[in-house]
Each structure stands twice: as C-alpha cells, then as structure tokens.
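Examining the three-dimensional arrangement
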Amino acid sequence: MSGTRKVTCPDCSGEGDAGEAAARMGRCAGLTRGRHPAGREGRARARGRGGKRPAHSATAAGSMAGPELRDLAIPTVSVEHPEVFTVEEMMPHIQHLKGAHSKNLFLKDKRKKNYWLVTVLHVRKINLNDLAKQLGVGSGNLRFADEISMLEKLKVGQGCATPLALFCDQGDVRFVLDSAFLEGGYEKVYFHPMTNTATMGLSPDDFLTFVKKTGHDPMIVKFN
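Cut-offs and rules
Residues numbered from 1 in each chain as written. Predicted model: local features only at pLDDT ≥ 70, side-chain atom pairs only at ≥ 80, totals over all residues. Heavy atoms only, no water. UniProt positions renumbered as here; feature names shortened; annotations may be inferred. Helix = DSSP H or I, 4+ residues; strand = E, 2+ residues; numbered from the N terminus. Buried < 20%, exposed > 50% of the residue type's maximum accessible area, 1.4 Å probe, protein only. Contact = heavy atoms within 4.5 Å.

The name given to the chain in an unreviewed UniProt entry is PrdX deacylase domain-containing protein 1, with the source organism recorded as Sarcophilus harrisii. Taken from UniProt, the Sequence similarities (unreviewed entry) comment for the chain reads in full: "Belongs to the PRORSD1 family."

1. Quick notes on the side chain of aspartate 178
The residue aspartate 178 is located in strand 7 (residues 173–178) in this model. Among the residues examined, aspartate 178 registers a relative accessible area of 0% and is labelled buried. Ignoring anything within four residues of it in the chain, the contact list for aspartate 178 reads Thr119, Val120, Leu121, Arg124, Val221 and Phe223.

2. Concerning helix 4 (residues 87–94)
When helix 4 is considered as a whole, its buried residues turn out to be Val87, Glu89, Met90, Met91 and Ile94. Against strand 4 (100–109) and strand 9 (198–202) lie the buried residues of helix 4.

3. Digging into unusual backbone geometry
Positive phi, normally seen in glycine, also occurs at alanine 73, with a value near 60°. Counting through the fold element by element, alanine 73 comes out in the loop between helix 3 (65–71) and strand 3 (77–80). Of note in this structure, lysine 155 is not a glycine but carries a positive phi near 65°. Mapping lysine 155 onto the fold places it in the loop between helix 6 (147–154) and strand 7. What makes lysine 155 partly exposed here is its relative accessible area of 38%.

4. A few points about the environment of glycine 201
The residue glycine 201 is located in strand 9 in this model. Along the chain, glycine 201 and leucine 97 lie 104 residues apart, while their C-alpha atoms are 8.8 Å from each other.

In structure tokens form, the structure reads like this:
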C-alpha cells in the first residue's frame, strides 16, 4: 500500500498528493499559481466548461457589506474591476489606490473544530506551521478550509474571503489581523466587499470599529 496521502480539491474534487497540496491546489482554489492536484483536467473541471473559472460575483449576501458599513456611518471608497482570484491578478487593477491592501486566508484546524480568517498585508508570505505556533494551535495543525465551510460561515466563495463578511459569522470564526493595518500609518485599508469584482477602502479606525461591531475581538499579530 502506498504511503502517499491524497488530497481533494474543494472546487472540483480532483485528487493529488498531499505533500504538494498548497502549491498544487493552484488557481483552482485561488491559493497559488502551482499545478492543480488532478492536472489539466482538474483545472478544467474547477473553472467550468470551456476552461473558464467559476463566477463568484456578488450574491444577495455579498451586496449587504455596503449597507452594514453605512448603518455604522462609515465612509468608504469602492473600485470595480474584473473578477480576480489571486493577489497577483488583483493588484494591476488597484495599485493606484494608496493604502494597505490585503491577503485573506480562511483556515481550519486539523479536527475541523475551529476556523480562522487571517488578514495580512498582500505582500506577506505566510508559513502555516509558523502561523499555527503564533496562534497556539501547534505546528502542523492548520489547514486551508474548503469552500463549503467558507460559504457556510462567511457566505462567500473562493476568491472572495474578506473580513467585511464577518457580520455573517455566528461566532464560529476567529479573526486574526496583521498589526501593520493598524500601526502602519495607512490612510485607507482595502478589502473585497464580499465579491471579487470590487475592492473597498475605509480608514483603519473605521475598519476596527466595524470588526468589533460584528462581535469579533481581533487577535492582532506582528508578522516579520
């Protein structure tokens, strides 16, 4: 019997070796530009007929991010752009916006008992083992959560993870925030407003006000 463990892509159910999971999920899961675990056929299944990526545009829930902020009298700026699934795809459309841009990781522990939304500067390279130690869950215990879990907890699909969806959470998700968003002297911080066809900016203080109004006390972490 082979000792190689298989991993299943959450978007298309293609399988691959677990040792290359993070890289091989590739653009299908919006994580890296590596190979999909099931190769070209897996990528095609994930993107849909004709090799196109699945659409994750604003849903009824997604359109609620703006009103939630307006109810708190929080001013925002918004920019629409083509659908994007990675930071690399996003930046050419928003690099003219001055401020802190984000990378958002939706994670779970090994036993699927706890979930984390981790928001860091878009330039950060995150090692899950190091992050697990910082969060006190032990090295090797963090995984990327599947899309079904993200839809259930935050009401958004792959490519749309955002702290602006925290108002949808019923207390199951812990929020981890890169301290640079609050301490970097930025005038604006930017996130997807529950759709990957737009980017929304607000002040760091207003962002923190919003997060706390959702019932989340963010864990502020310093990253090197």
